[in-house]
Amino acid sequence: MKYLKLTLTLLNFIFPLMMVAQSSSDVAIGPYIQNVTDNSAVVCWATKSHQSFTIENTNQKRSLPQYENHEMILSNLKPNTQYTYHIGGHGLSEEMGQFTTFPDEIEPFQFAILGDTRSRHDVHSKHVDRIIQKNPLFVLNTGDMVGNGLNIHHWETFFDVTKNLMRSIPYFPALGNHEKDSKYYFDFFNLPGNERYYSFSVGDALFISLDLEGIEYQTPEYLKKENREFFWENHEIAYFKKQKEWLEHTLTLHDDAGFIFVYFHKPLISVKKSRVNGAKMRRKFWGNIFERHGVQVVFSGHDHHYHHAMSGGTHYITTAGGGAKLYDIDARQPETVKAIKTEHFIMADVRKKTTILNVIDINGNKIDTITIDKRK
Ligand SMILES: [Fe+2]
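The paragraphs below set out a description of the structure included in this document. As a convention, each chain's residues are numbered from 1 in the sequence order in which they are written. Owing to the predicted nature of the model, reporting of local features is limited to residues with pLDDT of at least 70; listing and counting of side-chain atom pairs is limited to 80 or more, with chain, interface and lining totals taken over all residues. For side-chain calculations, the full set of non-hydrogen atoms in the structure is used, while hydrogens and water are omitted.

1. Remarks on the packing of helix α1 (residues 121-134) against helix α2 (residues 152-161)
One way to put it is that α1 packs onto α2 with a least axis distance of 10 Å and a crossing angle of 35°. On the side of α1, the interface is formed by H121, H124, S125 and V128, while α2 contributes T157, F158 and V161. When grouped by side-chain class, the residues that make up the contact of α1 with α2 number three nonpolar, four polar and no charged. Lines fitted to C-alpha atoms define the axes here, with helix axes fitted over just the stretch in contact, and angles between the N-to-C directions of these axes take values from 0 to 180 degrees. Numbering of helices and strands runs from the N terminus, with a helix taken as a DSSP run of H or I at least four residues long and a strand as a DSSP run of E at least two residues long. Any pair of residues with heavy atoms lying within 4.5 Å of one another is described as a contacting pair. Side-chain classes follow a simple rule in which Ala, Val, Leu, Ile, Met, Phe, Trp, Tyr, Cys and Pro form the nonpolar group, Asp, Glu, Lys and Arg form the charged group, and the remainder, Gly included, forms the polar group.

2. Some details on unusual backbone geometry
The amide bond that connects G30 to the next residue, P31, takes the cis arrangement and shows omega of 10°. Phi at H302 takes a positive value of approximately 75°, unusual for a residue other than glycine. The residue H302 is located in the loop between β14 (297-300) and β15 (306-311) in this model. Note on H302: relative accessible area 8%, which makes it buried. Relative accessibility decides the category of a residue: with a 1.4 Å probe and only protein chains considered, values under 20% of the type maximum give buried, values over 50% give exposed, and everything between is partly exposed.

3. Overview of the coordination of the iron ion
Coordination sphere of the iron ion, protein contribution only: D144 (OD), N177 (OD1), H265 (NE2) and H302 (ND1), at 2.1 to 2.2 Å. Only nitrogen, oxygen and sulfur atoms qualify as donors, and only when within 2.8 Å of the metal (3.2 Å in the case of Na, K and Ca); with water excluded, sites may look incomplete. Only two sets of limits are used to name each site, 85 to 135 degrees for every angle of a tetrahedral four-donor site, and over 155 degrees for opposite donors with all other angles from 65 to 115 for a square planar four-donor or octahedral six-donor site, with any other site named irregular. Taken together, the four donor atoms coordinating the iron ion span angles of 83 to 162° at the metal, a pattern that classifies the geometry as irregular. Every donor residue of the iron ion comes from the same chain, spaced as D-x32-N-x87-H-x36-H. Note that N177 is positioned in the loop between β10 (171-173) and α4 (183-188) and H265 in the loop between β13 (259-263) and α6 (276-286), a separation of 88 residues in sequence. Residue N177 is classed as partly exposed on the basis of its relative accessible area, which comes to 27%. H265 gets classed as buried once you look at its relative accessible area, which sits at 0%.

4. Some remarks on the sheet that holds strand β11 (residues 198-202)
One requirement defines pairing of two strands: DSSP has to find at least two bridges between them. An order of β11-β12-β13-β14-β16-β15-β17 is seen for the seven strands of this open sheet, with the pairing classed as mixed. The sheet is open, and its two borders are formed by β11 and β17 (336-340), each paired with just one other strand. Averaged over neighbouring strand pairs, the angle between their axes works out to 15° when direction is ignored. In the sheet, β15 pairs with β17 via four bridges, with the strands oriented antiparallel. Bridging from a neighbouring strand, H308 pairs with K338 of β17.

Put into structure tokens, the structure is as follows:
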């Protein structure tokens, strides 16, 4: 998000109503809530205009929507408090939202996680409705939110499907290959840190999102064709090495965390035959970093089904049943505990001494339950 950044300091009311903007009525996306902490939040929305252009040598005219992204940073909020905000000033319900700031001490909370919501929007919609009913504190997405991150129409659909959820529940995604490192991702989402890989805490639970896709650089003009592969390889290696160092540092810094959840797009253990070797290569790169630091759960997406594996005390869960066409499970691994080809999302119930993960299918049935003990 780069466009409009304003800070509003609030008085300490309980359940205050905040007028965050007086804008014209052309709010086209949102409002939605992002980057909530125990004392701040960001209200986002986008306004729309159209840019017409004519295709050369034809009489065709096209019109492409142009979005201007807006955000308002709300600071000095009270922890664990519900706030109502209102943009537009027309008193319309679609211009209003509510959110709850994170607790600043150890308290039970719930979060939802799903992935690969990029197609079959009816499936995605059903998950969204069910998640709204359960009212988690926030939602994680393991990536591939849209089919083509470079196509604005795909984001329009995504925000339309998630509209009633995102106006009240903050969304923390990981970058998938289908996001294509698009500027739209960075324009629409307001996330901690560099927005590619980041962490945040709720009570004594630590959440870490990683980017397993890497940056899509512009090819420098001076580069000869035969040197391109070598050039990209070096850039990618440097990027991932830096990210791994950041991860090591973040995990060391939070060694006293009660729960550590890591999430990213491509899994380190795959039960899809054609992807087993790719997963092994990724696992080789990250090594035993998760096990060594006592990470309890690593969530990923990309393989469109549910897969639960265990290795060295760490749960590896693939949750990619958000809408994309399902994949067969044709290569169970020695670490596999359970694998189900089904649409689903996961509700996590973080309590004082345990976290319960409930896997919910498209009909609302519980298809798996995992209990995770607190660290140490
Ligand atoms: Fe993917």
